[in-house]
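# Chain and residue survey
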Amino acid sequence: MAQMNNSEDVFQRIESKLDQLLRLAALQMTAGLKQVPAIQLLAAAGFDRRIIAELLNTTPNTVSVTLSNSKAKAKQNAKAAKSSE
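Every chain is numbered on its own, with residues counted from 1 as its sequence reads. In keeping with the model being predicted, local features are shown solely for residues with a pLDDT of at least 70 and side-chain atom pairs are shown and tallied solely at 80 or more, while totals for entire chains, interfaces and linings include all residues. Computation of side-chain values covers all heavy atoms of the structure but excludes hydrogens and water.

## Description of the overall build of the protein
Only DSSP runs of H or I with at least four residues qualify as helices, and only runs of E with at least two residues qualify as strands; both kinds are numbered from the N terminus onward. Scanning the protein for helices and strands turns up 4 helices and 0 strands. When the helices and strands of the protein are placed in sequence order, the string is α-α-α-α. Each principal axis of the C-alpha atoms in the protein carries an extent, and together these give about 70 × 25 × 20 Å. Put simply, the protein has 85 residues, and 15% of those count as buried. Throughout, a contact is declared for two residues whenever any of their heavy atoms are within 4.5 Å. Residue pairs in contact within the protein that sit at least 24 positions apart in sequence constitute 36% of those at least 6 positions apart. Total accessible area on the protein stands at roughly 6,800 Å², and carbon and sulfur atoms take up 56% of it. Side-chain charges of the protein comprise 11 positive and 7 negative groups, with the mean position of each set lying 15 Å from the other. Only protein chains enter the accessibility calculation, which uses a 1.4 Å probe. A residue is then buried if its area is under 20% of the maximum for its type, exposed if over 50%, and partly exposed in between. Working definition of accessibility: Shrake-Rupley area with a 1.4 Å probe, residue cover restricted to the visible protein chains. Note on charges: Lys and Arg go in the positive column, Asp and Glu in the negative column, and His and the chain ends are not counted at all. In plain terms, the charge of a residue is placed at NZ if it is Lys, CZ if Arg, CG if Asp and CD if Glu.

## Description of helix α4 (residues 60–83)
An expected span of 1.5 Å times one less than the residue number is assigned to each helix. Between its first and last C-alpha atoms α4 spans 35 Å; for 24 residues at 1.5 Å apiece the expected length is 34 Å, and the two agree. Those residues of α4 not exposed but buried are V63, T66, L67 and S70. In this structure, the buried side of α4 is in contact with α2 (35–44) and α3 (49–55).

## Thoughts on unusual backbone geometry
We note that N57 has phi near 55°; this positive angle belongs to a residue other than glycine. Relative to the elements of secondary structure, N57 occurs in the loop between α3 and α4.

## Topic: α2
Buried within α2 we find A38, I39 and L42. Along the long axis of α2, the arc covered by the buried residues comes to 100°, so they all point the same way. Once α2 ends, the next one or two residues include G46, with phi positive near 95°. Within this analysis, the arc is defined by the directions that extend from the helix axis to the C-beta atoms.

## Section: the nonpolar core
Only buried residues count toward a nonpolar core, which is a set of Ala, Val, Leu, Ile, Met, Phe, Trp, Tyr and Cys residues joined through side-chain atoms within 4.5 Å. A26, I39, L42, F47, I52, A53, L55, V63 and L67 form the largest nonpolar core, which has 9 residues in total. Contributing elements (two or more residues each) for this core: α2, α3 and α4. The greatest single-element share of this core, amounting to 3 residues, is contributed by α3. Those residues in contact with I52 that lie beyond four places of it in its chain are I39, L42, A43, F47 and V63.

Here it is in structure tokens:
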């Protein structure tokens, strides 16, 4: 039983370090970007909206609205491009 607890402890420490590395990589990826492109980049990279909000010091609602607006704008641009063909 002690070995299992030790293994779980090691796993938790590894998981914590990996989480820190992912957060650092995300911050480095978005350095110098404005909020909208940073949100889009992190979302495309698979980050959860709550994590994106934490990383960019905003709210999950702001992230959700930004992604929704970006999606609507992309859809509108695609429709306009198709109709101009």
